[in-house]
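Residues per chain are reported as follows:
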Amino acid sequence: MKSHSEYLSFNTKNRQEFINITPQVEEALKKSGVKEGLCLVNAMHITSSVFINDDEGGLHRDFSGWLEKLAPYGIDKYQHNLSGEDNGDAHLKRTIMGRGVVVAVTVGKLDFGPWEQIFYGEFDGKRKKRVLIKIIGE
Ligand code: ZN
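What you see is a predicted model, and the numbers here were worked out from it, not measured in a lab.

### Regarding the pattern of salt bridges
Inference 1: Under the counting rule described, the total for this entry stands at 7 salt bridges.
Inference 2: Here E6 makes a salt bridge to K31, at a shortest N to O gap of 3.3 Å. Note that E6 is positioned in strand β1 (residues 2–10) and K31 in helix α1 (residues 22–32), a separation of 25 residues in sequence.
Inference 3: The exposed category is assigned to K31, whose relative accessible area is 54%.
Inference 4: One salt bridge in this structure joins K129 and E122, with 2.7 Å as the shortest N-O distance. As far as the burial class goes, K129 and E122 line up, both buried.
Inference 5: The network of salt bridges with common partners includes R15, E68, D89, K93, D124 and R127.

### Describing the pairing of strand β5 (residues 100–106)
Inference 1: Residue alternation in β5 divides its side chains into a buried set, V101, V103 and V105, and an unburied set, G100, V102, A104 and T106.
Inference 2: Pairing of strand β3 (residues 37–43) with β5 involves 6 bridges; the strand directions are antiparallel. Looking at the pairing, C39 lines up with V103 of β5.
Inference 3: Relative to strand β6 (residues 109–110), β5 runs antiparallel, the two being bridged by 2 bridges. Across the sheet, the residue bridging to V105 is L110, located in β6.
Inference 4: What sits between the antiparallel neighbours β5 and β6 is a turn of 2 residues, in which V107 has the positive phi angle 50 degrees.

### Remarks on the packing of helix α2 (residues 57–70) against helix α3 (residues 88–97)
Inference 1: Look at α2 against α3: their axes get within 10 Å of each other, and the N-to-C directions meet at 125 degrees. Taken together, α2 and α3 sit at an angle that is classed as oblique. The interaxial crossing formed by α2 with α3 has right-handed handedness. Across the interface between the two elements, F63, W66, L67, E68 and L70 from α2 touch K93, I96 and M97 from α3.
Inference 2: Here the contact of α2 with α3 is composed, by residue class, of 6 nonpolar, no polar and 2 charged.

### So, the packing of aromatic side chains
Inference 1: For the structure on display, the rule yields 6 aromatic pairs.
Inference 2: The interplanar angle of 70 degrees and the centroid separation of 6.1 Å between the aromatic rings of F18 and F63 together place this pair among those described as edge-to-face. In this pair, F18 is assigned in strand β2 (residues 17–20) and F63 in helix α2, connecting sequence segments 45 residues apart.
Inference 3: Of the residues examined, F18 reaches a relative accessible area of 17% and is grouped as buried.
Inference 4: Taking the centre distance of 5.6 Å and the plane angle of 25 degrees together, the rings of F51 and F119 count as stacked.

Parameters and conventions
- Residues numbered from 1 in each chain as written.
- Predicted model: local features only at pLDDT ≥ 70, side-chain atom pairs only at ≥ 80, totals over all residues.
- Heavy atoms only, no water.
- Salt bridge = Lys/Arg side-chain N within 4 Å of Asp/Glu carboxyl O.
- Helix = DSSP H or I, 4+ residues; strand = E, 2+ residues; numbered from the N terminus.
- Buried < 20%, exposed > 50% of the residue type's maximum accessible area, 1.4 Å probe, protein only.
- Pairing = 2+ DSSP bridges.
- Axes fitted to C-alpha atoms, helices over the stretch in contact; angles between N-to-C directions.
- Parallel < 35°, antiparallel > 145°, perpendicular 65-115°, else oblique.
- Left-handed = near helix turned anticlockwise from the far one by under 90°.
- Contact = heavy atoms within 4.5 Å.
- Nonpolar A, V, L, I, M, F, W, Y, C, P; charged D, E, K, R; others polar.
- Phe/Tyr/Trp six-rings, centres within 6.5 Å; stacked < 30°, edge-to-face > 60°.

Nothing here speaks to function; it is all geometry.
Shown next, in the form of structure tokens:
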């Protein structure tokens with residue numbers, strides 16, 4: 001069995017951002033040489049996500065608005081922030097949007113459904129964060 005691990009680094013300009021990381025994952029898959037297997041992609045921080053959805057700007061603004069309604073930013077809004085942090089909202093947003101994804105690899109390609117793309121979701125940015133890509137198979 002082949003195995004390939006790779007780490008992507010991020011340091012976003014904004015506190016919240018969505019970044020399409022599909023090209024980087026496809027590049028990692030090429031390097032792995034895997035033709036049949038599984039590709040795991042996950043955020044390595046508890047205030048950021050990796051998720052799959054459409055690369056459409058309106059939808060991304062909808063995600064932002066929806067998340068802000070569910071878990072608005074605010075230092076005095078969360079018990080977690082009593083610990084001296086200000087990112088209680090970001091932990092909740094991360095949990096809603098998920099830790100990571102697994103995509104099947106078929107004939108050397110990510111076996112997506114229609115319009116599926118992989119995104120990094122940052123909810124407490126402006127600092128160094130990482131994403132793990134792990135590909136296993138034959
Ligand atoms: Zn925190």
